[in-house]
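# Examining the three-dimensional arrangement
For reference, the chains in residue letters:
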Amino acid sequence: MSNSTRVLSCIQPTGDVHLGNYLGALQNWVRGQHECDAFHGIVDLHSLTVTEEPGIVGETTLSLAAMLFAVGLDPDDATVFAQSHVAEHSQLAWIMQCNVAYGELSRMTQFKDKSVKRDGQFISAGLFTYPTLMAADILLYDTNHVPVGNDQHQHIEITRDIAIRFNRRFGETFVLPEAVTPAAGARVMSLQDPTSKMSKSEDSGAGCVYIVDEPAAVMKKFKRAVTDSDTGPDAVRYDRAAKPGVANLLEIHAAVTGRTPEAVADDYEQYGALKVATGEAVVATLDPIRIRYIELMDDRGELARLLRVGAEKARAVASVTLQRVHDAIGMVPA
Ligand code: TYM
């Protein structure tokens, strides 16, 4: 990767940032910021798909900005911005909606999952058209690489499909992006149910490790992690299908220590020791971040200023792309 490689990825300001977000995405954002031209959005407009009360999204946006700087994004290197500050995202999203088929959006697993979870509640049309706003986020920046967890792959695929269709209809306009996922940590599973992904919307917090969790709380969650009942010298081995709980711990351990799950497995014979060691490795990674986050949250004025600086840099790129799109379609210049 070089400085001319454009990287963009975003995160929603809904709920606290968890270990899955960190290992699947944020860790890669931090690593990539020096070698690449990096843009990272706090996608407050996306979170409106499920927001029904006033006064919350602004606070969660500032808190997420503090978290992104706490994990190590450097505002001098990476452009960190709030999506609603760059109007081009909404403007391009409409054009994306006109270049995607209803059937394509109907096949999105995230829409199916989220609408089932909200059964009986309000299901906004925005939840259905969500991938078109995400396509706009990505395509506005001529993005080459999108560092995300596995759960976002289908969204990157539909973004590519929309870009290909637009380019065919209106001439070569968009760069085709590619998803980038880490070797370990691309799909961190719940510590309580290792067959479903670690997620902020999980009912009890026991399976989800938040970055703001105190060390004692993190250790407790790992000690109670679901593993297996079989014992013996081979009990700790890396087998995702047969031993999903153990595999999840091994992957988490590998992701925070930069090793492979197989190598970590060689070091342990008992589940208890693996749980404690994984908890300790996670605390060693997350605790300095938690402490920095608390410090940064003390100066909200500075966070808001950094977001304004980011938005200005983002707008400079996004406005040029949107103009190119209007020109390609042949709209009357404003
Ligand atoms: P969001 O806010 O749900 O999650 C942010 C990032 O965290 C990753 N992630 C995980 N990775 C591994 N294991 C897990 N259990 C786990 N849970 C979450 C996600 O893959 C994601 O990379 N639609 C996106 C936000 C978005 C976006 C974009 C991303 C909007 N526009 C443009 C990239 C580019 C979302 O809801 O992520």
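The model shown is predicted, which means the values in this text are computed figures rather than measured ones.

Once that is clear, we can look at the overall build of the chain. Secondary structure assignment for the chain yields 13 helices and five strands. Relative to the globule expectation of 20 Å for 334 residues, the C-alpha radius of gyration of the chain, 21 Å, shows essentially globular dimensions. Projected onto its principal axes, the C-alpha coordinates of the chain cover approximately 70 × 45 × 45 Å. In the chain, buried positions account for 51% of the 334 residues. Taking contacts inside the chain between residues at least 6 apart in sequence as the whole, the part at least 24 apart equals 78%. In the form shown here, the chain has an accessible surface area of approximately 15100 Å², with 53% of it arising from carbon and sulfur atoms. For the chain, the distance from the average position of its 31 positive side-chain charges to the average position of its 43 negative side-chain charges is 3 Å.

With domains assigned, the chain is organised as domain 1 (6–186 + 300–329) and domain 2 (215–294). Using C-alpha coordinates to define each centre, domain 1 is positioned 30 Å away from domain 2. In this assembly, 11 residues from domain 1 lie in contact with 12 residues from domain 2. Summing both partners gives a buried area of about 950 Å² for domain 1 against domain 2, and 74% of it is carried by carbon and sulfur. Of all residues in domain 1, L19, A70 and A184 bury the most surface against domain 2, accounting for 45% of the area lost on that side. Our enumeration of links across domain 1 and domain 2 arrives at zero salt bridges. Taken together, the links from domain 1 to domain 2 amount to two residue pairs in polar contact (both at pLDDT 80 or more). Sorting the residues of the side of domain 1 that touches domain 2 by element identifies α1 (19–32) and α3 (57–71) as the ones contributing at least two each. Considering every element that reaches the side of domain 1 that touches domain 2, the biggest residue donor is α3, with five residues. Tallied by class, the residues present in the side of domain 1 that touches domain 2 amount to eight nonpolar, three polar and no charged.

The full count for this structure, using the stated rule, is 14 salt bridges. The partner of E59 in a salt bridge is R300, and the shortest N-O contact between them spans 2.7 Å. Separated by 241 residues along the polypeptide, E59 in helix α3 and R300 in helix α13 (residues 300–329) bring together distant segments of the chain. A relative accessible area of 37% places E59 in the partly exposed class. With relative accessibility at 36%, the residue R300 sits in the partly exposed group.

Turning our attention to empty space enclosed by the protein. A complete count under the given rule lists two cavities of 30 Å³ or more for this structure. Counted as a void, the largest cavity has a volume near 50 Å³. Taken together, M108, Q110, F111, K114, L127, Y130, P131 and H155 form the lining of the largest cavity. Listed by contribution, the elements that provide at least two residues to the lining of the largest cavity are α6 (109–117) and α7 (125–139). Taken together, the residues of the lining of the largest cavity sort by class into five nonpolar, two polar and one charged. Volume-wise, the second largest cavity comes out at about 40 Å³. Taken together, I211, D213, P215, V218, V283, L286, D287 and R290 make up the full set of residues lining the second largest cavity. Mapped onto the lining of the second largest cavity, the elements with two or more residues apiece are α9 (215–223) and α12 (271–296). In terms of residue count, the dominant contributor to the lining of the second largest cavity is α12 (four residues).

Summed over all chains, the structure comprises six aromatic pairs. Consider the rings of Y102 and F128, whose centres lie 5.1 Å apart with planes at 45°: the pair is tilted. Of this pair, Y102 sits in helix α5 (residues 102–106) while F128 is found in helix α7, placing the two residues 26 residues apart along the sequence. The buried category is assigned to F128, whose relative accessible area is 13%. Judged by centre distance (5.0 Å) and plane angle (75°), the rings of F111 and F128 are edge-to-face. Taken as a pair, F111 in helix α6 and F128 in helix α7 lie far apart in primary sequence, 17 residues in all. Summarising the burial analysis for this pair, F111 and F128 share the class buried. Pairwise contacts between aromatic rings join F39, F81 and Y141 into one cluster.

Turning our eyes to something else, we now look at the nonpolar core. Among the nonpolar cores identified, the biggest contains 60 residues, and L19, L68, V209, F222 and V282 are the most heavily contacted of them. At the level of secondary structure, the elements contributing two or more residues to this core comprise α1, β2 (37–42), α3, α9, α10 (244–257), α11 (261–266), α12 and α13. Lining this core are residues from two domains, each supplying at least three of them: domain 1 (6–186 + 300–329) and domain 2 (215–294). Ignoring anything within four residues of it in the chain, the contact list for V282 reads L19, V209, V218, F222, I252 and V256. A93, M96, F128 and A311 belong to the second-largest nonpolar core, a separate cluster that totals 37 residues.

How each quantity is defined
- Residues numbered from 1 in each chain as written.
- Predicted model: local features only at pLDDT ≥ 70, side-chain atom pairs only at ≥ 80, totals over all residues.
- Heavy atoms only, no water.
- Helix = DSSP H or I, 4+ residues; strand = E, 2+ residues; numbered from the N terminus.
- Rg over C-alpha atoms; globule rule 2.2 N^0.38 Å.
- Buried < 20%, exposed > 50% of the residue type's maximum accessible area, 1.4 Å probe, protein only.
- Contact = heavy atoms within 4.5 Å.
- Areas by Shrake-Rupley, 256 points an atom, 1.4 Å probe, with all protein chains shown as cover.
- Lys, Arg positive; Asp, Glu negative; His and termini not counted.
- Charge placed at Lys NZ, Arg CZ, Asp CG, Glu CD.
- Domains from an automatic or database assignment.
- Buried area = accessible area lost by both parts, 1.4 Å probe.
- Salt bridge = Lys/Arg side-chain N within 4 Å of Asp/Glu carboxyl O.
- Polar contact = N/O pair within 3.5 Å; in protein donor to acceptor, adjacent residues only side chain to side chain.
- Nonpolar A, V, L, I, M, F, W, Y, C, P; charged D, E, K, R; others polar.
- 1 Å grid on protein atoms, 1.4 Å probe; cavity = no way out; pocket = protein on both sides within 12 Å on 5 of 7 lines; lining within 4 Å.
- Points joined across faces, edges and corners; volume = space filled by probe spheres on them.
- Phe/Tyr/Trp six-rings, centres within 6.5 Å; stacked < 30°, edge-to-face > 60°.
- Core = buried A, V, L, I, M, F, W, Y, C linked by side-chain atoms within 4.5 Å.

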